[in-house]
Amino acid sequence: MSGQGFSVYVGNAPFQTSEEEIGNFFSNVGNVTNVRIVYDRETGRPRGFAFVEFADEAGAQKAVQELNGAEFNGRQLRVNLANNK
DNA sequence: TATGAGCGC
């Protein structure tokens, strides 16, 4: 059925936010194993979204349920299951 | 000193 992995897509994130802050925030719903902020290859600026990887898929799904729409540094986060390439 | 939908080094 679902081929989705343990990574979640985090959109609408503040431009000035570190992976540590994101990991700390998502650590509330599960065991975060990795956080990757997506930067632009051409300019090097943050593109405004990131990916958070969880140790378990349950943590990823809980992050979607609990943190999707949650406020983070004044922005409302968009959390969804990542494509997991 | 910037920007704001969307899926990646």
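From a predicted model like this one, the values you see are computed outputs, not experimental measurements.

Turning our attention to the UniProt feature "domain: RRM" (unreviewed entry) in chain A. Under the feature "domain: RRM" (unreviewed entry), the UniProt entry names residues 6-84. Taken end to end, residues 6-84 has its terminal C-alpha atoms 8 Å apart, with 24% of it in helix and 38% in strand.

A word on the packing of aromatic side chains. Two aromatic rings, taken as a pair, are described by how far apart their centres are and by the angle between their planes. Per the counting criterion, the structure on display carries six aromatic pairs. Aromatic side chains Phe25 and Phe26 sit 5.8 Å apart centroid to centroid with 75° between the ring planes, which places their arrangement in the edge-to-face category. According to the relative accessible area criterion, Phe26 is buried, its value standing at 1%. Look at Phe49 and Phe51: their rings are 6.5 Å apart centre to centre, the planes differ by 85°, and that puts the pair in the edge-to-face class. Overall, the relative accessible area of 29% leaves Phe51 in the partly exposed class. Here a set of aromatic residues connected by ring pairs shows up, and it is made of Phe25, Phe26, Phe54 and Phe72.

In this structure, Thr17 sits in the loop between β1 (7-11) and α1 (19-26). Classification of Thr17 as buried rests on a relative accessible area of 13%.

With a phi angle near 65°, Asn12 is a residue other than glycine that sits in the positive phi range. Mapped onto the elements of the fold, Asn12 is located in the loop between β1 and α1. In this structure, Asn73 takes a positive phi of about 55° despite not being glycine. Mapped onto the secondary structure, Asn73 falls in the loop between β4 (71-72) and β5 (75-76).

All right, on to the nonpolar core then. Counting residues in each nonpolar core, the largest one holds 20 residues, and the members touching the most others are Val8, Ile22, Phe26, Val52, Phe54, Leu77 and Val79. Those residues in contact with Val8 that sit more than four places away from it in its chain are Phe26, Ala50, Phe51, Val52, Phe54, Ala60, Val64, Val79, Asn80, Leu81 and Ala82.

Thresholds applied
Residues numbered from 1 in each chain as written. Chains lettered and ligands numbered in written order. Predicted model: local features only at pLDDT ≥ 70, side-chain atom pairs only at ≥ 80, totals over all residues. Heavy atoms only, no water. UniProt positions renumbered as here; feature names shortened; annotations may be inferred. Helix = DSSP H or I, 4+ residues; strand = E, 2+ residues; numbered from the N terminus. Phe/Tyr/Trp six-rings, centres within 6.5 Å; stacked < 30°, edge-to-face > 60°. Buried < 20%, exposed > 50% of the residue type's maximum accessible area, 1.4 Å probe, protein only. Core = buried A, V, L, I, M, F, W, Y, C linked by side-chain atoms within 4.5 Å. Contact = heavy atoms within 4.5 Å.

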